[in-house]
Amino acid sequence: MSRLSAIRIFRKFFTLALIFGALFSFAVFAAGEAGWENPLRVHFIDVGQGDCSLVQCPNGTAILVDGGRIWTYPFLIDYLKNAGVEKIDLLVLSHPHGDHFGGLIKVLKEFPVAVILDSGKDDTGEHYQRFLETVKSRTEVDFKLARAGDRFTFGEVKMLVIHPSSRLPATVNNSSIIFKLTYGDSDFLFTGDAEMEAEAEAMSRGFNLRSEVLKVGHHGSRTSTGPAFLSRASPRWAVIPAGENNSYGHPHPEVTRRLKMRGTKIYQTGTEGTVLFLSNGKDLRVELPGRAVYPEYAIPEEQASRIIANRETLIYYDPHSPYVVQIPPEDRVVFDTAVAAETAGYRRNWW
Ligand SMILES: [Zn+2]
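All of these numbers come straight from a predicted model, not from anything done at the bench.

Draft legend 1. Looking closely at helix 2 (residues 73-82). Burial runs high along helix 2: seven of the ten residues are buried. Taken residue by residue, helix 2 has Tyr-73, Pro-74, Phe-75, Leu-76, Ile-77, Tyr-79 and Leu-80 as its buried positions. The inward-facing, buried residues of helix 2 abut strand 2 (53-56) and helix 4 (104-110). Just beyond helix 2, the residue with positive phi is Gly-84, at close to 90°.

Draft legend 2. Molecular detail of unusual backbone geometry. Cis geometry is adopted by the peptide bond preceding Pro-164, which originates at His-163 and carries an omega value of 0°. Omega for the bond connecting His-250 with Pro-251 falls within 30 degrees of zero, at -5°, which places this linkage in the cis form. With respect to the helices, strands and loops of the structure, Pro-251 is situated in the loop between strand 12 (237-240) and helix 8 (253-261). In this structure, Asp-66 is a non-glycine residue whose phi angle is positive, near 65°. With respect to the element layout, Asp-66 can be found in the loop between strand 3 (62-65) and helix 2. Despite not being glycine, His-219 shows a phi value in the positive range, around 60°. Assignment of secondary structure puts His-219 in the loop between strand 11 (213-215) and helix 7 (227-233). His-219 sits in the buried class, given 25 other C-beta atoms within 10 Å.

Analysis parameters
Residues numbered from 1 in each chain as written. Predicted model: local features only at pLDDT ≥ 70, side-chain atom pairs only at ≥ 80, totals over all residues. Buried ≥ 20, exposed ≤ 12 C-beta atoms within 10 Å, placed from the backbone. Helix = DSSP H or I, 4+ residues; strand = E, 2+ residues; numbered from the N terminus. Contact = placed C-beta atoms within 7 Å.

What follows is the structure in structure tokens.
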């Protein structure tokens with residue numbers, strides 16, 4: 001072989017190697033990027049001291065898990081609409097406490113809801129009864145009880161109910177629905193306000209609890225997220241739905257210590273705002289779109305010095321309260337005195 005033809009062959013080989021190299025790099029890039037144009041979106045929404053998550057599946061299914069306290073509704077409804085939600089395919093109420101179902105009363109009036117998944121735990125509280133009345137008024141809603149082992153499928157997203165069983169624990173918190181949501185390699189564990197008793201029951205059922213993302217139980221209270229449960233879930237990320245400087249001291253330092261010891265990255269919704277996870281079924285990305293911003297409405301001059309109440313929340317406020325501007329005008333009711341507001345069934349606080 002002449003020296004010239006050897007150079008030619010080398011050149012050809014070199015060119016081919018370059019082309020293959022470029023194709024290979026593109027294939028690797030494309031595989032890494034696959035699914036990002038339509039990912040699974042899991043929003044842990046900043047609702048202050050409360051709990052609320054929105055799941056948007058790649059096939060368009062919208063799942064709302066809890067809805068914060070009752071006065072969060074103007075923000076929550078805005079948030080859902082901005083996220084592109086037009087109907088709620090599945091509404092999960094983890095347990096009947098006001099920091100979980102409060103905002104859902106108005107959500108049920110504003111959005112078509114196909115299915116409600118409930119723990120079946122009752123609560124005699126007046127406001128929970130209001131929630132149930134609203135549910136009953138929406139006759140098209142399919143009301144189901146979540147029981148361990150129940151499985152649901154939304155396109156490629158799968159949901160497995162881990163707790164409770166039909167034998168409900170004595171306390172409301174321990175009756176919380178615990179479920180795992182899976183999209184490819186991405187698993188999310190939702191726990192409501194489950195405490196260690198519920199965690200122990202959940203573990204005894206033998207399900208695989210391993211999850212990349214854990215919605216920490218009971219706002220990071222020391223009653224929850226026990227070492228054994230944490231070890232079974234083994235999360236890489238943990239989201240604690242707790243308000244900034246809340247009166248409960250949530251999250252408790254024992255819980256954050258346990259998480260940090262495992263190297264789990266912690267987000268707290270009340271301080272970092274909403275935490276949004278995106279998954280293409282392989283990898284997870286985290287975004288922090290910001291703290292909750294509540295819409296504000298002008299108060300007409302003739303109402304400015306009167307007692308202003310909200311017919312949705314049944315709360316009334318002094319004229320100078322910073323919260324009166326957050327009442328949508330259509331929900332605003334005015335009274336001359338606090339006594340008149342009380343007589344009409346309004347109160348100063350709500351739980
Ligand atoms: Zn709670």
